[in-house]
Amino acid sequence: MATFLYKLGRFAFRRRHFVALMWVALLTLAGVGAASAPVAGASSFSIPGTEAQKAFDLLESRFPGMSADGATARVVFKAPEGEKMADKDNKATVEKTVKVLRTGSEVTSVDDPFATHTVSKDGSVAYTSVKYKVSGMELEDSSKDALESAAQDARDAGLTVEVGGDALQATPETGSTEVIGIAIAAVVLVITFGSLIAAGLPLLTALIGVGIGVSTITALASALDLGSTTSTLAMMIGLAVGIDYALFIVSRYRAELAEGREREEAAGRAVGTAGSAVVFAGLTVVIALVGLSVVNIPMLTKMGVAAAGTVAIAVLIALTMIPALLGYAGRRVQPAGKKSRLLGGGRAAKKEGKPNMGTRWASFVVRRPLAVLLLGVIGLGAAALPATSLELGLPDDGSQPTSTTQRRAYDLLSDGFGPGFNGPLMIVVDAKASDAPKAAFTKVTDEIKGLKGVVSVSPAVPNKSGDTAMITVVPDSKPSSVKTEDLVHSIRGTGGEIKADTDATVLVTGSTAMNIDFSQKLNDALIPYLALVVGLAFLLLIVVFRSILVPLKAALGFLLSVMAALGAVVAVFQWGWLSGLMGVEETGPIMSMMPIFMVGVVFGLAMDYEVFLVTRMREAYVHGEKPSQAIVTGFRHGARVVTAAAVIMIAVFSGFIGSSESMIKMIGFGLAIAVFFDAFVVRMAIVPAVLALLGKRAWWLPKWLDRALPNVDVEGEGLRALDEKRRDGDEDRELAHV
């Protein structure tokens, strides 16, 4: 592989006009596609194989025209202090609002609170449900404006009015912190390279790669049903790995220049050596992201595949466009150890032979491996302790900032009708096989009324054929609570007895039941997913490092870092530690997909640093150095760059903490803290400590397995053989000349 990539790097350097034009053309094509593509609607949320999804599908087939996936709005009214909603003026205002809302072209129905008895017991709060033909993301601006205008008119009449539901759903904003993250990355690159030109190359290529990836996702969003979160996550991961991969190749290029090689040769060798590590690091990330498809949740699969595509683009750009841009930069990119004239006057950055910080740290770890290992493991174990109280759920309007009308509507409904009112359960009774459907509906209603934790049960609403009915159940606990989950399981347990007596099937659905089933499916899939991803990556790393213990140590170190990161997420988003600093206004359960998503993404990113750092150690070991000296050599060449890469990745991920969407905020924080733990504790401390303790045993591989494995040549042995052939050819030519 090293020889092939070496040739690719030299080709890109020589044919830089063609390579640059190709990537600019791809960026333009993707941009045009994104600009001309139809606006994507809301991504459909389905969980195949779950009871909630079966009930949802049954509703769509047995109750045609009800627009089960249409947008909804709850317009909540509160009377002024000391007044009731039934007072003449207040009632007239509500009725006028209902009348205005019914005139909307996309509205299917609007309930009258006084006719449907949706007024609180104390008479101070009432609400009307508005249902639309299309989803929240597909609603025309005129429909949203009409909804807001009607609410404002009621406010002007003296009522407190808030609007909940997804009709006013807005595209999430990442905030200015995303730009700050990129700015920090730029500063780190300048400090690392001592050159504005060298620092600008990774940023430029990462932005081009993300531009192509995100534009392609936008262009295909409508056709493939991709939500806005998909492009945000692709941007987050694509920026981080794009900068890192380019950083490693530029750094190796400068090291090759420092050894006296010509620029084209240095570019080829940088791609042949560091590029090999980039390919395998990128492969681990792609495997981890594509592996999310085993969960069998379409939304998660699409997010993983889209992000994996952006990572693949980042790898290809690093291997081709970086050497092309290095060709354009020429002498403006200085050899390692020198600064640019602008930043350092072309002076050497430090005295020759003076050990750098990476060398000093590695030497310390090699002398005290056991102490470093114990300290690292105990520290990560302590950080992981909060993960033992992990509670999973999905965000709803109750997790929105208090400044939003959705959150205020949620609170008004909770105060007026009880906490469970924001998460009603929809019971679907399929009595098609029953001889007495009406009796079955009555029995289901009576059985549910007798269950603990039920506030109210609505009368059964049958369909036109009378073989299916809907029943609404309001719990006495909030949607994300354990008590509500227990009630769902109780109703499903009762359904078994009812089926035996009446041949009617009882199914529980609704957003709350969907969330519960979603969390359960993710929990069930976590172990198989972990086994698949870690297993495939383990095999890949055996090929790269030609060792059994090094990949095993890499996998165990990853488990430590991901558990510590989950503990930090629980401490901030569930317990509320430092929540003000992170902009977390409402603590609660951790998003259901967070553990499995973190496992996938963090594993891929963790293997990046493992590959970049340990390949340098193996390269030194293969070339004859002792195991302990190889560790120091690996740190001397790689520690500075890996540190810069980690800081950049942390800065990029931290930039998304400013997002207005709780899911993006949580993922940004989780990935940032995970990279910190993995890069600085696991890869920089635990890994060298374990390798120092293992010595030569770290690189042991059974002979039969060594013969069976393909030789991918990450260390660049093929390039050394190429050098020898060149030297022999030069000597032969000299002798012939004599």
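Source: prediction; values computed, not measured.

Conventions we followed
Residues numbered from 1 in each chain as written. Predicted model: local features only at pLDDT ≥ 70, side-chain atom pairs only at ≥ 80, totals over all residues. Heavy atoms only, no water. Helix = DSSP H or I, 4+ residues; strand = E, 2+ residues; numbered from the N terminus. Buried < 20%, exposed > 50% of the residue type's maximum accessible area, 1.4 Å probe, protein only. Contact = heavy atoms within 4.5 Å. Areas by Shrake-Rupley, 256 points an atom, 1.4 Å probe, with all protein chains shown as cover. Phe/Tyr/Trp six-rings, centres within 6.5 Å; stacked < 30°, edge-to-face > 60°. Lys NZ or Arg CZ within 6 Å of the ring centre and 35° of its normal. Expected span 1.5 Å × (residues − 1). Bend = angle between axes of the 7 residues up to and from the residue. Pairing = 2+ DSSP bridges. Axes fitted to C-alpha atoms, helices over the stretch in contact; angles between N-to-C directions. 1 Å grid on protein atoms, 1.4 Å probe; cavity = no way out; pocket = protein on both sides within 12 Å on 5 of 7 lines; lining within 4 Å. Points joined across faces, edges and corners; volume = space filled by probe spheres on them. Nonpolar A, V, L, I, M, F, W, Y, C, P; charged D, E, K, R; others polar. Salt bridge = Lys/Arg side-chain N within 4 Å of Asp/Glu carboxyl O. pLDDT = per-residue confidence, 0-100.

On to the overall build of the protein chain. When its secondary structure is counted, the protein chain shows 25 helices and 11 strands. Split into buried and exposed, the 738 residues of the protein chain put 53% on the buried side. Across the protein chain, contacts joining residues at least 24 apart in sequence account for 79% of those joining residues at least 6 apart. Surface accessibility of the protein chain: about 31,800 Å² in total, with carbon and sulfur atoms responsible for 59%.

Let us now look at the packing of aromatic side chains. All chains considered together, the criterion is met by nine aromatic pairs. Each ring, one from Phe417 and one from Phe421, has its centre 4.6 Å from the other, and the planes form 20 degrees; the classification is stacked. When its relative accessible area of 12% is taken as the criterion, Phe421 is described as buried. Measuring from centroid to centroid gives 5.7 Å for Tyr621 and Trp699, while their planes differ by 20 degrees, and the two rings are stacked. Of this pair, Tyr621 sits in helix H21 (residues 594–622) while Trp699 sits in the loop between helix H23 (662–694) and helix H24 (703–708); the two residues are 78 residues apart in sequence, bridging distant segments of the chain. For Tyr621, a relative accessible area of 23% puts it in the partly exposed group. Look at Trp699 and you get buried, because its relative accessible area is 11%. By the ring-pair criterion, three or more aromatic residues cluster together here, those being Tyr127, Phe417 and Phe421. Just above the ring of Phe13 sits the side chain of Arg16; from NZ or CZ to the centre is 5.4 Å.

Since one α-helical turn is 3.6 residues long, residues separated by three or four positions face the same way. Over its 32 residues, helix H11 (residues 298–329) extends 44 Å from the first C-alpha to the last, a length consistent with the 46 Å expected when each residue adds 1.5 Å. At Ala318, H11 is deflected by roughly 35 degrees, the largest bend along its length. By the criterion of burial, H11 is predominantly enclosed, with 23 of the 32 residues buried. In the segment just after H11, Gly330 is the residue with positive phi, at about 60 degrees.

Right, let's talk about the sheet that holds strand S2 (residues 107–110) for a bit. Spatially, the four strands line up as an open sheet ordered S2-S3-S1-S4, and their pairing is antiparallel. Taken across any chain shown, the strands that pair with only one partner, and hence form the sheet edges, are S2 and strand S4 (160–165). The sheet shows a mean angle of 20 degrees between the axes of neighbouring strands, taken without regard to direction. Of the pairings in the sheet, the one linking strand S1 (residues 72–78) to S4 comprises six bridges and is antiparallel in character. Note on S4: the bridge partner recorded for Phe77 is Val161. Contacting S1, strand S3 (125–132) and S4, helix H6 (residues 141–156) crosses the sheet at an angle of about 155 degrees to S4.

Counting across every chain of the model gives four cavities of 30 Å³ or more. Approximately 50 Å³ is the volume found for the largest cavity. Thr205, Ala206, Gly209, Val210, Gly238, Gly242, Thr310, Ala314 and Ile317 are the residues that line the largest cavity. Every element with two or more residues in the lining of the largest cavity is listed here: helix H8 (196–224), helix H9 (228–258) and H11. With four residues, H8 is the single largest residue contributor to the lining of the largest cavity. Class assignment for the residues of the lining of the largest cavity results in four nonpolar, five polar and no charged.

A word on helix H19 (residues 549–574). The end-to-end C-alpha distance of H19 is 37 Å, a good match for the 38 Å that 26 residues give at a rise of 1.5 Å each. Backbone geometry just downstream of H19 places Gly576 in the positive-phi region, at approximately 95 degrees.

Turning to the pattern of salt bridges, a few remarks are in order. For the structure shown, the criterion picks out 20 salt bridges. With a closest N to O distance of 2.9 Å, Arg14 and Glu264 form a salt bridge. Linking Arg14 in helix H1 (residues 2–14) with Glu264 in helix H10 (residues 263–290), this pair joins segments that are 250 residues apart in sequence. Note on Arg14: relative accessible area 40%, which makes it partly exposed. Notably, a salt bridge pairs Lys553 with Glu610, separated by 2.4 Å at the nearest N-O pair. In this pair, Lys553 is assigned in helix H19 and Glu610 in helix H21, connecting sequence segments 57 residues apart. The same class applies to Lys553 and to Glu610, which are both buried.

The next subject is the confidence of the model for the protein chain. Regions with low pLDDT should not have their predicted coordinates read in detail. Of all residues in the protein chain, 90% attain a pLDDT of 70 or more, and the chain-wide mean is 83. The lowest-confidence element of the protein chain is helix H12 (residues 341–344), averaging 50 in pLDDT; the highest-confidence one is helix H14 (residues 369–384), averaging 94. Across residues 342–351 the pLDDT falls below 50, and counting only partners more than four positions away or on other chains, this stretch makes 21 contacts in the model. Confidence over residues 731–738 falls short of pLDDT 50; this stretch has zero contacts with residues more than four positions distant or in other chains.

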